Amino acid sequence: MSDPSEFQLLSLRQVLQNDGVIAYPTEAVFGLGCDPDSHGAVSKLLALKQRPWQKGLILIAADYQQLAPYVDDSALTDTQRAAVFSRWPGPVTWVLPARPATPRWLTGQFSSLAVRVSDHPLVQRLCLFYGKPLVSTSANLTGQPPCRCAEDVRRQFGASFPVLDGAVGGRLNPSEIRDALTGELFRQG
């Protein structure tokens, strides 16, 4: 897996800082992402995906500290927290209680937030370079299959769409999604 150039990371960071949407490889498919704290950026992403805000979104991060401002860690027992950390970093998304200040454009109709600490080296690098987590939803237009390479992204979203070039992690299915409080499986990985 080739390392992105400093120029490419700087370019993508500028897109994110200007309320834009980017695409990047994750464990199984390319993701669309934006700054989670920008209502304008999240609105653009939701419009692009034709996704209702009520469904809520996933945040993807390089480490748990990046997610701490958005989730209510105090709502977890030591056993629940240990279960979450036993699967991170990795391709498991956990639904955790959200902090009251977490924007509704992230949580949707829920009082929880889906979050993942990725083990994909390019996601790690991008989130560390940007200094915070990113919104993450599969890169595909409604009715189209998820993009599995940068060329798929450019085919669906246009040749000039900002993409972090690189390979996906090789998993066949998107991340598993589980409730951190109950352990309930929402989506098989």
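Going by the annotation in an unreviewed UniProt entry, the name recorded for the chain is Threonylcarbamoyl-AMP synthase, with Affinibrenneria salicis given as the source organism. Recorded in UniProt under Sequence similarities (unreviewed entry), the annotation for the chain is "Belongs to the SUA5 family. TsaC subfamily." As its UniProt record puts it under Catalytic activity (unreviewed entry), the chain is described as follows: "L-threonine + hydrogencarbonate + ATP = L-threonylcarbamoyladenylate + diphosphate + H2O".

Chemist: Mind laying out the packing of aromatic side chains, listing which residues take part and the relevant values?
Modeler: Within this structure, the stated rule accounts for four aromatic pairs. With centroids separated by 4.9 Å and ring planes inclined at 85 degrees, the aromatic side chains of Y64 and F85 adopt a geometry described as edge-to-face. Of this pair, Y64 sits in helix α3 (residues 64–67) while F85 sits in helix α4 (residues 78–86), and the two are 21 residues apart along the sequence. Judged by centre distance (5.1 Å) and plane angle (35 degrees), the ring pair of F157 and F161 falls under tilted. Note on F157: relative accessible area 15%, which makes it buried.

Chemist: Please set out the environment of R148 residue by residue, giving values where relevant.
Modeler: Its location among the elements puts R148 in the loop between β6 (134–138) and α7 (150–157). The exposure class assigned to R148 is partly exposed, which follows from its relative accessible area of 39%. Between the alpha carbons of R148 and V29 there is a distance of 4.7 Å; along the sequence they are 119 residues apart. The contacts of R148, once residues within four sequence positions are left out, are A28, V29, F30, V168, R171 and L172. Within the local environment of R148, its side chain forms a polar contact with the backbone oxygen of A28, the two atoms lying 2.9 Å apart.

Chemist: I'd like a description of the side chain of E176, backed by residues and values.
Modeler: Note on placement: E176 falls in strand β7 (residues 176–179). Given the relative accessible area of 9%, E176 is considered buried. A distance of 3.4 Å separates a polar atom in the side chain of E176 from a polar atom in the side chain of R87. Reaching out from E176, the side chain makes a polar contact with the side chain of R178 at a distance of 2.7 Å.

Chemist: Explain the nonpolar core residue by residue, including any values.
Modeler: By size, the foremost hydrophobic cluster in this structure holds 37 residues, and its most contacted members are F30, W88 and V153. Elements represented by at least two residues in this core include exactly β2 (30–33), α2 (39–49), β3 (58–61), α3, β4 (92–97), β5 (112–117) and α7. Take this core: its biggest share by element is four residues, from α2. Apart from residues lying up to four places away in sequence, V153 is in contact with A23, F30, A139, C147, G158, F161 and V163. By size, the runner-up hydrophobic cluster in this structure holds 15 residues, among which are I60, L122, C127 and L134.

Chemist: Explain the pairing of strand β1 (residues 22–25) residue by residue, including any values.
Modeler: Residues I22 and Y24 of β1 are buried on one face, and the alternating residues A23 and P25, pointing to the opposite face, are buried as well. Note that β1 and β2 share four bridges and pair antiparallel. Across the sheet, I22 pairs through a bridge with G33, a residue of β2. Between β1 and β2, which pair antiparallel in sequence order, lie four residues.

Chemist: Provide a residue-level description of the side chain of T93, including the pertinent values.
Modeler: Inspection of the secondary structure puts T93 in strand β4. Here the side chain of T93 touches R116 through a polar contact of 2.9 Å, side chain to side chain. In contact with T93, other than residues within four places in its own chain, are I58, A114, V115, R116, S175, E176, I177 and R178.

Chemist: Any chance you could break down the sheet that holds β1 for me, citing the residues and the numbers?
Modeler: Strand order in this open sheet of eight strands is β1-β2-β6-β3-β5-β4-β7-β8, and the pairing throughout is mixed. Looking at the sheet topology across the chains shown, the edges are occupied by β1 and β8 (185–187). Each strand of the sheet is rotated relative to its neighbour by a mean of 40 degrees, with strand direction disregarded. In the sheet, β2 pairs with β6 via two bridges, with the strands oriented antiparallel. Bridge pairing in β6 places L32 opposite T137. In the packing of α2 onto the sheet, the strands contacted are β2 and β6, and the crossing angle to β6 comes to about 0 degrees.

Rules of the game
Residues numbered from 1 in each chain as written. Predicted model: local features only at pLDDT ≥ 70, side-chain atom pairs only at ≥ 80, totals over all residues. Heavy atoms only, no water. UniProt positions renumbered as here; feature names shortened; annotations may be inferred. Phe/Tyr/Trp six-rings, centres within 6.5 Å; stacked < 30°, edge-to-face > 60°. Helix = DSSP H or I, 4+ residues; strand = E, 2+ residues; numbered from the N terminus. Buried < 20%, exposed > 50% of the residue type's maximum accessible area, 1.4 Å probe, protein only. Contact = heavy atoms within 4.5 Å. Polar contact = N/O pair within 3.5 Å; in protein donor to acceptor, adjacent residues only side chain to side chain. Core = buried A, V, L, I, M, F, W, Y, C linked by side-chain atoms within 4.5 Å. Pairing = 2+ DSSP bridges. Axes fitted to C-alpha atoms, helices over the stretch in contact; angles between N-to-C directions.

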